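Structure at a glance
So the chains spell out like this:
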Amino acid sequence: MNQHLLIKICFRQSRSHPLRTLLLIIGIAMGVAGVIAIDIAKTSVSKSFDLSTAAITSETTHQVVGSNFNIPQSVFTDLRTRLGIHRSAPVISTHITVMELKNATLTLMGIDPFSEMGLRNLTVRSRSGTTGKDLSGLLTHASGVLLSQAMASQYGLNQNDTITLSFGDRQVQTVISGFLDSRDGATNAIFQGLILADISLAQEILGMGDDITRIDLILTDAAMAEQIVKRLPDGVILVETRRQNRIVRELSRSFETSLTAFSMLALFMGIFLIYNTVSFSITQRRKLNGTLRALGATRKTLFWTVLAEVMIYALVGSASGILLGILLGKGAVHAVCSTVSDMYFVLTVSQTHITVPTLLKGFFAGIFSCFAASVFPAITAARTLPITLMQRSASESALKKYLPLFTLTGMVIIGAAVFMLNFFTRQPGVDFIGVFMIFFGSALLAPMVILLFVRGLLALFKKSWGSMTKMALRNITRSLSRTSVLIASLMVATSVYIGIDIMTSSFRCSVIDWVDSHIGGDIHVSSSDTLKRGLSPRLVADIQALPEVAGISVYNIHRIFSRTSGEVHIFSYITDLSTKKWSWTAADETQLTALLDQGWIFVSEIFAQRNRIEAKMGASVIIDTQTGPVSFRIAGIFRDFFMGGGRVIVNRKLMKQYWGYDDITSLQVFLHTPKTVAPVIERINAFVPESANVKVVSGATIKKGILDVFDKTFLITSALQILTAIVALTGILNSVMALLLERTRELGILRACGAETGQVGRLLLLECGFSGFISGVMALPLGGCLAWVLIDIVNRRSFGWTYDMVTSPKIFLGAVTLSSAAAIVAGIFPAVRAGRTDIGSALHME
Amino acid sequence: MDILLSHISKTYDDNKNKRVVFRDMTAKFTSGLFCVIIGKSGVGKSSLLNLISGIDIPDKGIIQIGDAGVSDMTDTQRTIFRRKHIGFIYQFFNLIPVLTVLENVTLICELDGLSKKRYLDRANSFLKQVGLFDRRNDYPDTLSGGEQQRVAIVRSLVNDPDILLADEPTGNLDVKTGRAILEMISDLAKKNGKTLIMATHSLEAIDYADAVLSVVNQTLVPLSKEQIHP
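Residues numbered from 1 in each chain as written. Chains lettered and ligands numbered in written order. Predicted model: local features only at pLDDT ≥ 70, side-chain atom pairs only at ≥ 80, totals over all residues. Heavy atoms only, no water.

1. So, the overall build of chain A
Keep this limit in mind: Only DSSP runs of H or I covering at least 4 residues are called helices, and only runs of E covering at least 2 are called strands; the numbering of each starts at the N terminus. We call two residues in contact whenever any of their non-hydrogen atoms come within 4.5 Å of each other. Calculation of accessible area relied on Shrake-Rupley with a 1.4 Å probe; when residues are assessed, cover is drawn exclusively from the protein chains displayed.
Within chain A, the secondary structure is distributed over 29 helices and 23 strands. A sequence separation of at least 24 residues applies to 82% of the contacts in chain A between residues at least 6 apart. For chain A, the computed accessible surface area is about 34,800 Å², with 60% contributed by carbon and sulfur atoms.

2. Observations regarding the sheet that holds strand 10 (residues 219–223) of chain B
All names here are of chain B. Note the cut-off: Two strands pair if DSSP finds at least two bridges between them. Angles here are taken between N-to-C directions and fall from 0 to 180 degrees, while the axes themselves are lines fitted to C-alpha atoms, restricted in helices to the stretch in contact.
Taken in spatial order, the six strands of this open sheet run 6-7-8-3-9-10, and their pairing is mixed. Of all strands in the sheet, those bounded by a partner on one side alone are strand 6 (86–89) and strand 10. Across the sheet, the axes of successive neighbouring strands diverge by a mean angle of 20 degrees, strand direction being ignored. Across four bridges, the pairing between strand 6 and strand 7 (residues 163–167) is parallel. Looking at strand 7, one finds that Ile86 is bridged to Ile163. Helix 1 (residues 45–53) contacts strand 3 (34–38), strand 6, strand 7, strand 8 (195–199) and strand 10 of the sheet and is inclined by roughly 155 degrees relative to strand 7. Relative to strand 6, helix 5 (residues 145–157) is tilted by about 170 degrees, and along the sheet it contacts strand 6 and strand 7.

3. Looking at the pairing of strand 19 (residues 620–625) of chain A
In this structure, strand 19 of chain A lies alongside strand 20 (residues 628–638) of chain A, joined through six bridges in antiparallel fashion. Following the sheet pairing, Asp624 of chain A is matched in strand 20 of chain A by Pro629 of chain A.

4. Digging into the interface of chain B and chain A
Reports often express the size of an interface as the amount of accessible area lost when the parts come together. We count it as follows: Two parts placed together each lose some accessible area under a 1.4 Å probe, and adding up what both lose gives the buried area. For salt bridges, the criterion is a side-chain nitrogen of Lys or Arg within 4 Å of an Asp or Glu carboxyl oxygen.
Between chain B and chain A, the residue contacts involve 27 residues of the former and 25 residues of the latter. Among the residues of chain B in contact with chain A, Asn94, Val98 and Leu111 of chain B are the three that bury the most area, contributing 24% of the side total. Across the chain B-chain A interface, the total number found is four salt bridges. Asp75 of chain B is the salt-bridge partner of Arg751 of chain A, the closest N and O atoms lying 2.9 Å from each other. Elements that contribute at least two residues to the side of chain B that touches chain A include exactly helix 1, helix 2 (75–85) and helix 3 (101–111) of chain B. With six residues, the top contributor of residues to the side of chain B that touches chain A is helix 2 of chain B.

5. A few points about the nonpolar core
Considering soluble globular proteins, one finds that nonpolar side chains tend to be buried as a cluster. Spelled out, the test is: What we call a nonpolar core is a set of buried Ala, Val, Leu, Ile, Met, Phe, Trp, Tyr and Cys residues that are connected through their side-chain atoms within 4.5 Å. Exposure categories follow from relative accessible area, calculated using a 1.4 Å probe and restricted to protein chains: below 20% of the type maximum is buried, above 50% is exposed, and the middle band is partly exposed. The source of the domain bounds is an automatic or database domain assignment.
Leu750 of chain A together with Leu5 and Phe29 of chain B are the most contacted members of the largest nonpolar core, which has 152 residues in total. A per-element tally of this core places helix 18 (residues 480–519) of chain A first, with 18 residues. Residues from two domains meet in this core; each of domain 1 (1–60 + 245–390) and domain 3 (446–516 + 704–846) of chain A gives at least three. Contact partners of Leu750 of chain A, with chain neighbours within four places excluded, come to Met468, Met471, Ala755, Val760 and Leu763 of chain A together with Ile96, Leu107 and Leu111 of chain B. Among the nonpolar cores identified, the runner-up in size contains 41 residues, and Phe76, Leu79, Val98 and Leu232 of chain A belong to it.

6. Looking at a nonpolar patch on the surface
Residues and elements named next belong to chain A. Filter applied, for reference: Like-charged residues are merged into a patch within 9 Å and nonpolar side chains (Val, Leu, Ile, Met, Phe, Trp, Tyr) within 5 Å, provided each residue has over 30% relative accessible area and no salt bridge.
A surface patch of nonpolar side chains, amounting to about 370 Å² of accessible area, comprises Leu729, Ile824, Val825, Ile828 and Val832. With four residues, the single largest contributor to the nonpolar patch is helix 28 (residues 809–835). Secondary-structure assignment places Val825 in helix 28. Overall, the relative accessible area of 49% leaves Val825 in the partly exposed class.

7. Comments concerning the pattern of salt bridges
Counting across every chain of the model gives 25 salt bridges over all chains. A salt bridge links Asp138 of chain B to Arg135 of chain B; its shortest N-O distance comes to 2.5 Å. Given a relative accessible area of 26%, Asp138 of chain B falls into the partly exposed group. Counted as one network, the salt bridges with shared partners bring together Glu756 of chain A together with Arg83, Lys84 and Asp112 of chain B.

8. Re unusual backbone geometry
If you check the backbone angles, Asn160 of chain A has positive phi at about 75 degrees while not being a glycine. Within the element layout of this structure, Asn160 of chain A appears in the loop between helix 6 (149–155) and strand 8 (162–167).

9. Side note on helix 3 of chain B
Residue and element names in this part refer to chain B. When you tally the buried positions in helix 3, you get ten out of eleven residues, the bulk of the element. When we look at burial in helix 3, the residues that qualify are Val101, Leu102, Glu103, Asn104, Val105, Thr106, Leu107, Ile108, Cys109 and Leu111. A positive phi of about 75 degrees marks Gly113, the residue just after helix 3.

10. Thoughts on the side chain of Thr407 of chain A
Residue and element names in this part refer to chain A. Convention followed: Polar contact criterion, stated in full: a pair of N or O atoms within 3.5 Å, where within protein one must be able to donate a hydrogen and the other to accept it, and residues adjacent in sequence count only if both atoms are side-chain atoms.
Summarising the element assignment, Thr407 is placed in helix 15 (residues 392–423). Looking at Thr407, the relative accessible area reads 12%, which means it is buried. A polar contact is formed between the side chain of Thr407 and the backbone oxygen of Leu403, at a distance of 2.7 Å. Ignoring any residue separated from it by four or fewer positions in sequence, one finds Thr407 in contact with Leu444, Leu445 and Met448.

11. Examining the packing of aromatic side chains
One pair of aromatic rings is described through two measures. These are the centre distance and the angle between the planes. Convention followed: Pairs were defined over the aromatic rings of Phe, Tyr and Trp, the Trp ring being its six-membered one, requiring ring centres within 6.5 Å. Orientation was assigned from the angle between planes: stacked under 30 degrees, edge-to-face over 60, tilted for the rest. Charges are assigned to positions over rings by a cutoff of 6 Å between ring centre and Lys NZ or Arg CZ, combined with an angular limit of 35 degrees from the ring normal.
Taken as a whole, this structure holds 15 aromatic pairs over all chains when the rule is applied. On the basis of an interplanar angle of 90 degrees and a centroid distance of 5.5 Å, the ring pair of Phe632 of chain A and Tyr658 of chain A is categorised as edge-to-face. Of this pair, Phe632 of chain A sits in strand 20 while Tyr658 of chain A sits in helix 22 (residues 652–659), and the two are 26 residues apart along the sequence. Each of the two residues, Phe632 of chain A as well as Tyr658 of chain A, counts as buried. Here Phe632 of chain A and Trp659 of chain A contribute two aromatic rings whose centre-to-centre distance is 6.0 Å and whose plane-to-plane angle is 20 degrees, an arrangement assigned as stacked. On the criterion of sequence distance, the pair formed by Phe632 of chain A in strand 20 and Trp659 of chain A in helix 22 is long-range, its members being 27 residues apart. Per residue, the accessibility class of Phe632 of chain A equals that of Trp659 of chain A, and both read buried. Feature note: the residues Phe461, Trp465 and Phe770 of chain A constitute an aromatic cluster, connected by ring pairs. In this arrangement the basic side chain of Lys128 of chain B is found over the ring face of Phe133 of chain B, its NZ or CZ atom lying 4.7 Å from the centre. It is Arg136 of chain B that lies over the ring of Phe133 of chain B; its NZ or CZ is 4.0 Å from the centre.

12. Comments concerning the environment of Val105 of chain B
Counting through the fold element by element, Val105 of chain B comes out in helix 3. Other than its neighbours up to four places away in sequence, Val105 of chain B contacts Ala123, Leu127, Val151, Val154, Arg155 and Val158 of chain B.

13. Points about the pairing of strand 10 of chain B
Residues and elements named next belong to chain B. Pairing analysis gives five bridges linking strand 9 (residues 211–216) to strand 10, with the strands arranged antiparallel. Its bridge partner being in strand 10, Ser214 is matched across the sheet by Val221. Counting the residues that bridge the hairpin from strand 9 to strand 10 gives two residues, and of these Asn217 lies at a positive phi of roughly 45 degrees.

14. Some details on helix 19 (residues 537–545) of chain A
Residue and element names in this part refer to chain A. Our working definition: Directions are taken from the helix axis to each C-beta atom, and the arc is the one they span.
Listing the buried residues of helix 19 in full gives Leu539, Val540 and Ile543. The buried residues of helix 19 occupy an angular sector of 100 degrees when projected down its axis, which confines them to one face. Exposed residues pointing more than 90 degrees away from the buried face of helix 19 are listed as Pro537, Arg538 and Ala545. The elements touched by buried residues of helix 19 are strand 14 (523–527), strand 15 (549–562), strand 22 (666–671), helix 23 (677–687) and strand 23 (694–698).

15. Brief notes about the side chain of Thr469 of chain A
Residues and elements named next belong to chain A. Looking at the secondary structure, you find Thr469 in helix 17 (residues 467–478). For Thr469, a relative accessible area of 17% puts it in the buried group. Thr469 has contacts with Leu766 and Phe770, leaving out every residue within four places of it along the chain.

As structure tokens, this is what we get:
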């Protein structure tokens, strides 16, 4: 039989149901779009990081840094004059905001124009329009800075315009003395995150005196590196640039790993729903295929016809998905880059980076899932006897025959997955495979569970339910081969929703608990001056003397450099009223303070993870100090949600001895009654001289700020939840429309018997509602399991966070309601159509 | 209830081809009589039953059943009218496969919101009359064709309608079973005082009928038994 003719028949069949064909394409497109959007977000973070770091480090091979991020400029002079290293340059680097650029964050780089000549390729556009390495503009103006040409054009800034740089509370007026520009687009992208100033101007802006942030070097032999190390004073370290960049980059890898987990979930759900849509589309053609076989179409011809048709829709759906994915991806890049900047490192360049592999990944995900979805029904259509194909009941009998096998296989797969997740989680990827297996196993269990569930419900409510309700339930089991796929799809979508909901709500609970106990305090007092961070002891005494004050936590906190974790925050307390949640302690909690006094330290979970600290007696870690690397014994690992390199608590004596700080930088004020927060803030502000730059904020404001940052982290997961809901709704709508087509005659009978349009519509909605309810109930254990994997495995491994899984009946009740409501909403349109069934033609269908 | 069809016209639009089924057709079916409609396939026998039952509406003309103007009713009004006053028997039985025999029979009463007490005894009594009481909890697919049609007959009578419409009720049955079903429909209709209109190819039905009509040239023409059995 002519294959073209067969394909034509199939397309004409699709053309007679344009809405369903459209839904099929939308289903495929949404699945593909989810994969592409998340992948674009991930690759864009990577690219933005590369551009941001390239702006700072360029081609340097090594850097000399201080253990507290500052080194005397004399170290540079010494290296140049004594060792004769000419390919070296002093650098001051920090993040500032520029008011005229709508407060965009840029990297202010203070450089020595002469030293830079042999080091970085900083090209400047001259007045004549040519570009060259002329940095003289930095020297001719006392407060001259160089800005990216593209950035200046974007904000309408010209040469000699004044721009305001903000650093902490400081605001400094500078003049644009030239523009950074290059013929190379990639270099221009790097320049976009940069603002250049002469090193002396940068020192003045930041109040750094004679200190610099680091020295950049291009070294060609290891011997020179050794000589440098020998000459460096205590507390100054030589590090490899590439290795250091890699460490900083690793910080956000965890976040990206979790994004991968979510993109895999989106992909899996997409595959499932595409399978659902496609298999529905094929199975409803059983009769047509049977007729074609009876008329002489060979098995092979029929197989390829079925496959060819689906593949054409797959192509259209995947292509549309790519376009949609790019649009969604552009939105996601902003959210993801903003989260990375908030939590890990500042991305001064934020670009949407769309790569061919990303698009191919999404495209093939769509094609593969459509192929996977259509191959089995295509084989079935090709292998089954024509007469069997023409009988709808045959597919149901086949499913019922294999039901015990499906159930057993499902149970074995779930068992194997649980075993894997319990014993092999350290191996990368095992957790995702485990989750996939649990989903797959549950999908195989679905037909049996549906059957038992419906039978149970019917037995329970045999007497109280009317015929229409029974009809709705029995219809579900009657078309088990279709409804089980629909219910399993909805179950997967609902369980993803539950899993993410439990994860985010558990995480939020833990963060709130952490903010309340660990950070605590009704009022927070700290210096807003980034350089002079010390608070006066007089202020502390004045606050303590206030009658409303019940107590104060007094401490200092400073940034230190760590070779293994990048930037680490180190604390030392004078008094500590906060309570910590310990994930491990070397001794009884009551003895921890004594251990701290003896020189042991406390580290955060993230620091422990980054430094691969094993929670066991005798654990220790080497930290760079001003006197060189020192090994510290660890007394406890505490739960902490600050990202970056993690946090360390030492006693005051060690802080002074190893890092030179004995100041007070922060206070947490605890009041007798929280009602007095506002008046006490006023009174504290009255103690502070106007020039002192002290920030006094309520604990509630701090808490809100922290929660805002964490909520933003989960913005992408919330977007995924919405995507899940849309894909699920599309899938259900398509499936219900297909079921409706099969039931036309039955609905015609009902209408002929006197059922009103509303009664017929209600029957269909009832069926949808029951399907949604069963999906929701089946999704409960699966969603709980997914939440456990996300919390206990993905988050712990990726972020180093541990937090308790908090479940509430509200989440589960909400999920069941949501899945029932989603199914009912998806059923509204088919229900309206069902009510309008043409009785005459429906009754004469056979 | 008398059924009056006055100047009925009905045209079907099948993919640009217009098919006129009735043109200015007028007919009257007297209450309590058994009328048989005969004619070739596609002349409009089923369409006539659909028009009487309100399943379909005429393009022109009036359909009056008793005092009710069916052709002027809204869809919902026609549905409710059908539920209360008309019973339908089909060639393919048209039972709901997921409902048991008893549930199929009582479905219309349930749709009408009647209380179980009111219709259950009646349903069981009819099932006993047709010999299917013992099968009341079985599903239709376990019954033979004749048994399924008997269930359909009971379903059409259980809500005590005034009119019974039967569309080829024996068309899907063997001769012997078909005859038994014809007898049963005719007996039950007469015993319960129903107006019975049957569209059929079966000439055997004519023996039971009070009047015979044929659809000729888009209108209903009465035939004498002699004209059919010359």
